[in-house]
Amino acid sequence: MDAARDPGLQPERTALAWRRTIMSAIVADILIWRGWFHALEAPAGSGPVDGGLFAAGHSAQVVGMGLCAVVACVTTLVLVVCAVARIRMLHAGVGVLEHSAHIAVPALMVRSASAAIVALALAAMGALALGF
Amino acid sequence: MREPAWRRTGKTPDYRFSLANERTFLAWVRTALALLAGAVAIDQLAPEIAPPVVRVLLCLVLAVIGAVLAVVSYRRWAHQEQAMRNDVELPHSWLMLGMTVIVSLAAIVFAVLILVRP
């Protein structure tokens, strides 16, 4: 039995909270991608396009929604990078909990996560406005 | 990694408190993500819920709230840790009341829209 381990499993719970956050981001990401694929299949007004993704003459709407999907993907990647780094830190810190400064979350990670959600929100707003 | 100046003031909080603060931040972030996913999902999966202009406006409002919530959750995390570092009372936040009102309003609006849908 590891005497240094927190009896409330706080680092483990925090690592799981980061995992849940990634999963939520992926759900939002997939929905934005779904909107783009639908726009590719049936561009407004002009009927279905043969060749889907690689067809010539994409409307500004389809290009814009593709841009939103790429932004959403990048924000999810930023979140995943933050989460993976944080989970590694937490697991490494399980045995050295008395050094509080080493297990505290770096401000950069919190800021990046927050900024990634704002960017994801902008992508969602763009996708909503373009899908109209 | 450069830490903000306030992170060098006072004493480093006990890891239990700083981890709890971090988990609270993540919980608010997931709330923001749920609002974003909900906004896009309603727009795509329930196109008949309201006239298109109303539907897109409602979904945009939800997405804007999600963006604001992401910023507010960072500020709340920073303020809580500053209070812990300097051993002062944790700041009172309108965030919980605000989000309760917003989520209740959203639920009522969408419930009415579902009920009056032709």
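Residues numbered from 1 in each chain as written. Chains lettered and ligands numbered in written order. Predicted model: local features only at pLDDT ≥ 70, side-chain atom pairs only at ≥ 80, totals over all residues. Heavy atoms only, no water.

A. Fine view of the layout of surface pockets. Approximately 320 Å³ is the volume attributed to the largest pocket. Those elements giving two or more residues to the lining of the largest pocket turn out to be helix 1 (10–41), helix 2 (60–93) and helix 4 (107–131) of chain A together with helix 1 (15–45) of chain B. The class makeup of the residues in the lining of the largest pocket is 8 nonpolar, 5 polar and 3 charged. (1 Å grid on protein atoms, 1.4 Å probe; cavity = no way out; pocket = protein on both sides within 12 Å on 5 of 7 lines; lining within 4 Å. Points joined across faces, edges and corners; volume = space filled by probe spheres on them. Helix = DSSP H or I, 4+ residues; strand = E, 2+ residues; numbered from the N terminus. Nonpolar A, V, L, I, M, F, W, Y, C, P; charged D, E, K, R; others polar.)

B. Focus on the interface of chain A and chain B. At the interface, 40 residues of chain A touch 40 residues of chain B. Applying the counting rule to chain A against chain B returns 1 salt bridge. Linking B:Glu22 and A:Arg86 is a salt bridge whose minimum nitrogen-to-oxygen distance equals 2.7 Å. The tally of links from chain A across to chain B stands at 12 residue pairs in polar contact (both at pLDDT 80 or more). Listed by contribution, the elements that provide at least two residues to the side of chain A that touches chain B are helix 1, helix 2, helix 3 (100–103) and helix 4 of chain A. Ranked by residues supplied to the side of chain A that touches chain B, first place goes to helix 1 of chain A with 16 residues. Tallied by class, residues from the side of chain A that touches chain B come to 27 nonpolar, 7 polar and 6 charged. (Contact = heavy atoms within 4.5 Å. Salt bridge = Lys/Arg side-chain N within 4 Å of Asp/Glu carboxyl O. Polar contact = N/O pair within 3.5 Å; in protein donor to acceptor, adjacent residues only side chain to side chain.)

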